[in-house]
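Architecture and fold: a report
If you want the building blocks of each chain, they are given just below.
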Amino acid sequence: MTSLPASVPYPLAAELCRWTLASFGDLRGLRADLRDALAGSAGTGDVTDRMTVVANELATNALRHGRPPTVVRLLRQDDRLIIDVADHDRDAEPRVAEDRPLGAGGLGLQLTKTFAIDVGWYSTDATKHVWASFPS
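For the structure given in this document, a descriptive report is provided here. (Residues numbered from 1 in each chain as written. Predicted model: local features only at pLDDT ≥ 70, side-chain atom pairs only at ≥ 80, totals over all residues. Heavy atoms only, no water.)

Taken residue by residue, a regular strand's side chains alternate between the two faces of the sheet. Most of strand S4 (residues 80–87) sits inside the fold, with eight of its eight residues counted as buried. Two strands pair when backbone bridges link them, and strand S3 (residues 70–77) and S4 are joined in this way by seven bridges, in the antiparallel orientation. Residue Leu75 lies in a different strand from S4, and its bridge partner there is Ile82. A loop of two residues connects S3 with S4, the two strands running antiparallel in sequence, and Asp78 in this loop sits at a positive phi of about 50°. Relative to strand S7 (residues 128–135), S4 is paired through eight bridges, and the arrangement is antiparallel. Among the inter-strand pairings, Ile82 is bridged to a residue of S7, identified as Ser133. (Buried < 20%, exposed > 50% of the residue type's maximum accessible area, 1.4 Å probe, protein only. Helix = DSSP H or I, 4+ residues; strand = E, 2+ residues; numbered from the N terminus. Pairing = 2+ DSSP bridges.)

Further remarks concern helix H2 (residues 45–65). In this model H2 runs 30 Å from its N-terminal to its C-terminal C-alpha over 21 residues, within 8% of the 30 Å that 1.5 Å per residue would give. Among the residues of H2, Val47, Thr48, Met51, Thr52, Val54, Ala55, Asn56, Leu58, Ala59, Thr60, Ala62 and Leu63 are the ones counted as buried. (Expected span 1.5 Å × (residues − 1).)

Take a look at the structure:
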């Protein structure tokens, strides 16, 4: 397993939307709302699809491995859209399971690294954030 790079992304990014998730049942609404928020902003349907998959995967990881609540934000800076997912478990560093076979689970961060332009994580005083950027 390898770590994601630790870095704060796009410090001047403006928040476009925010979702607070309490359970896995909230993921369906996140996906639908994110698609609506990206309509016209993400360029092609392919970017919207990739961003929706990444947001779902990162939020699922936060719900499964982090501490509630999970907060998903859609940000924009210049020509980038950023998905930022936070939970309240600052001590659990995100790790990519690179050698895990298909079907064994744990591929969310691998998909994120494949679909996004850039991926990283950072901690604040209260939260851990995993983020991914995409072209707008």
